[in-house]
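Spelled out from the first residue to the last, the chains are:
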Amino acid sequence: MKEKLLQEFERIYGGTEDVRVFFAPGRVNLIGEHTDYNGGHVFPCALTIGTYAAARKNGMNTCRFYSVNFEHLGIIAADLEELVYHKENNWANYPMGILKHLKDAGMPIDEGMDFVFFGNIPNSSGLSSSASIEVLTAFTARELFGFSMDFVEIAKLAQRAENQFIGVNCGIMDQFAIAMGKKDNAIFLDTADLSYEYAPIVLKDAKIVIACSNKKRGLGDSKYNERRSECEEALALLQTKKEISSLGALTEAEFEEIKDVIGDEVKIRRARHAVYENQRTIKAVEALKANDIETFGKLMNDSHVSLRDDYEVTGAELDTLVETAWEVPGVVGSRMTGAGFGGCTVSIVKEDCVDSFIQTVGETYKNKIGYAADFYVVDIGDGPAELL
């Protein structure tokens, strides 16, 4: 991969002197969906697929961005002093937003850089290609300019850039999972205070299989921000009855006791998902620690039902993938993962059933939806690194 990127860099910019190559993973969330902006727990892990960047300082006041994945767009350039969101900058808005926020935070980025990016995360899949390029850009700039910023700070800055520069009101989970990834471990993260612990993923004779629906979605123009505001409105009403800082602070019983104050059936369902999903995530990690993978799988299934019925972020594509998976022998659990409205599902499948799972779910999906899904048997990997 490093050689391929260096060849591309030389072709685009000329020469490879002082060019360094970096990697940041994608992520999948095993359980705990739409809880990260509701003060709840999440349970993501970094993947061995992700985004690569070859980069060097260029001695100019201009940053130049090129992506092998979007080669038809050519080089996208921006003045270091005028890093502003423009729709026509397309994917390059993500690294631009990071550089602007690094500069605003006082980091000594005093000259431009040339970048060549390549990602092997499917675009719009829900495996966080956007957060991957954000964390990667911050990590690359840190290494090239030698400033001090730990990975938790990188995650926070990347979230801020996505909120303020891109305009997507996302929580911290994606950036945190990518920045803090650890091989063969998921991260049990309390988004209320960013306390976390690593939990080994021991699946014995099972594998994690990602199914990509290939339905394109864009978070910024989806219902994502709408769901967030519905939860905020529900929380404000619940706070008139109980002193809580977030929906994640409530148990199921506490929520049921005071939910009627919300008064709106849709907002009750949105809040119910946030509360119950948080508790499911806590129970799922306890089950995993007890080597009870069957309970973990059942909680994954329950998570999807809640995302489908209470949060309404699944849709025909994701429901077809998950509901078909539930019928396939050897499936421990299956659910949508990511923001929804397209994207991916994550399933835990017994190793000797993986091939039949992919065939059965793939055929049913194509017959019902009209186009194919893609499947990835994934491994859990580390966070950002330089390729030496």
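The structure under discussion appears in the preceding block.
Keep in mind that what you see is a predicted model, and the values were worked out from it rather than measured.

Parameters at a glance
Residues numbered from 1 in each chain as written. Predicted model: local features only at pLDDT ≥ 70, side-chain atom pairs only at ≥ 80, totals over all residues. Heavy atoms only, no water. Helix = DSSP H or I, 4+ residues; strand = E, 2+ residues; numbered from the N terminus. Rg over C-alpha atoms; globule rule 2.2 N^0.38 Å. Contact = heavy atoms within 4.5 Å. Areas by Shrake-Rupley, 256 points an atom, 1.4 Å probe, with all protein chains shown as cover. Lys, Arg positive; Asp, Glu negative; His and termini not counted. Charge placed at Lys NZ, Arg CZ, Asp CG, Glu CD. Phe/Tyr/Trp six-rings, centres within 6.5 Å; stacked < 30°, edge-to-face > 60°. Buried < 20%, exposed > 50% of the residue type's maximum accessible area, 1.4 Å probe, protein only. Salt bridge = Lys/Arg side-chain N within 4 Å of Asp/Glu carboxyl O. Pairing = 2+ DSSP bridges. Axes fitted to C-alpha atoms, helices over the stretch in contact; angles between N-to-C directions. Left-handed = near helix turned anticlockwise from the far one by under 90°. Nonpolar A, V, L, I, M, F, W, Y, C, P; charged D, E, K, R; others polar.

Draft legend 1. The overall build of the protein, seen in detail. Looking only at helices and strands, the protein has 11 helices and 13 strands in total. Relative to its length of 388 residues, the protein is compact, with a C-alpha radius of gyration of 21 Å against a globular reference of 21 Å. Dimensions of the protein, computed from C-alpha atoms along their principal axes, come out at roughly 60 × 50 × 40 Å. Long-range pairs, those at least 24 residues apart, make up 71% of the contacts in the protein between residues at least 6 apart in sequence. Within the structure as shown, the protein displays about 15,400 Å² of accessible surface, and the carbon and sulfur contribution to it stands at 46%. Looking at the protein, you have 40 positive and 60 negative side-chain charges, and the mean spots of the two groups are 1 Å apart.

Draft legend 2. Broad picture of the packing of aromatic side chains. Scanning all chains against the criterion turns up 16 aromatic pairs. Arranged with centres 6.4 Å apart and planes meeting at 10°, the rings of Phe-70 and Trp-91 form a pair that is stacked. Of this pair, Phe-70 sits in the loop between strand S4 (62-67) and strand S5 (76-79) while Trp-91 is found in the loop between S5 and helix H2 (93-104), placing the two residues 21 residues apart along the sequence. Taking relative accessible area as the criterion, Phe-70 reaches 22% and is therefore assigned partly exposed. Using a relative accessible area of 7% as the deciding quantity, one classes Trp-91 as buried. Where Phe-115 meets Phe-117, the ring centres are 5.3 Å apart and the plane angle is 5°; that geometry is what we call stacked. For Phe-115, a relative accessible area of 0% corresponds to the buried category.

Draft legend 3. How the structure looks around the pattern of salt bridges. A complete count under the given rule lists 30 salt bridges for this structure. Between Glu-233 and Lys-267 there is a salt bridge, and its shortest N-O distance comes to 3.2 Å. Of this pair, Glu-233 sits in helix H6 (residues 224-238) while Lys-267 sits in helix H8 (residues 265-289), placing them 34 residues apart in sequence. One connected set of salt bridges, linked through shared partners, spans Lys-223, Glu-226, Arg-227, Glu-230, Arg-269, Arg-270 and Glu-312.

Draft legend 4. Fine view of the sheet that holds strand S2 (residues 41-42). Strand order in the open sheet formed by three strands is S2-S7-S8, with antiparallel pairing between adjacent strands. Looking at the sheet topology across the chains shown, the edges are occupied by S2 and strand S8 (195-200). Bridge analysis of S2 against strand S7 (residues 185-190) gives two bridges, and the strand direction is antiparallel. Its bridge partner lying in S7, Val-42 is registered against Leu-189.

Draft legend 5. Highlighting the pairing of S8. Alignment of S7 against S8, held across six bridges, turns out to be antiparallel. In the sheet register, Asn-185 faces S8, and the bridge partner there is Pro-200. From the end of S7 to the start of S8, which pair antiparallel, there are four residues, and Leu-194 there has a positive phi angle of about 60°.

Draft legend 6. The environment of Phe-43, seen in detail. Along the chain, the position of Phe-43 falls in the loop between S2 and strand S3 (44-57). Excluding residues within four positions of it along the chain, Phe-43 makes contact with Asn-29, Leu-30, Ile-31, Ala-186, Ile-187, Phe-188, Ala-199, Ile-201, Thr-281, Val-285, Leu-288 and Phe-296.

Draft legend 7. Focus on the environment of Ile-75. Structurally, the position occupied by Ile-75 is in the loop between S4 and S5. Each C-alpha atom, one on Ile-75 and one on Ser-334, is 40 Å from the other, the two residues being 259 residues apart in sequence. Dropping the residues within four chain positions of it, Ile-75 is found in contact with Ile-12, Tyr-13, Arg-64, Phe-65 and Tyr-66.

Draft legend 8. Quick look at the sheet that holds strand S12 (residues 374-378). An order of S10-S11-S9-S12 is seen for the four strands of this open sheet, with the pairing classed as antiparallel. The sheet is open, and its two borders are formed by strand S10 (331-337) and S12, each paired with just one other strand. Going across the sheet, the axis of each strand differs from the next one's by a mean of 20°, ignoring polarity. Alignment of S10 against strand S11 (residues 344-350), held across six bridges, turns out to be antiparallel. In the strand pairing of S11, Gly-333 is matched with Ile-348. Against the sheet, helix H9 (residues 293-309) makes contact with S10 and S11, and its axis sits at roughly 35° relative to S10, the strand it touches most.

Draft legend 9. Highlighting the packing of helix H10 (residues 315-326) against helix H11 (residues 354-369). It is the contact of H10 with H11, at a shortest axis distance of 9 Å, that shows an interaxial angle of 145°. Viewed along their axes, H10 and H11 form a crossing whose handedness is right-handed. Mapping the contact onto sequence places Ala-316, Glu-317, Thr-320, Leu-321, Thr-324 and Ala-325 in H10 and Phe-357, Thr-360, Val-361, Thr-364, Tyr-365, Lys-368 and Ile-369 in H11. Its residues assigned to classes, the contact of H10 with H11 comprises seven nonpolar, four polar and two charged.

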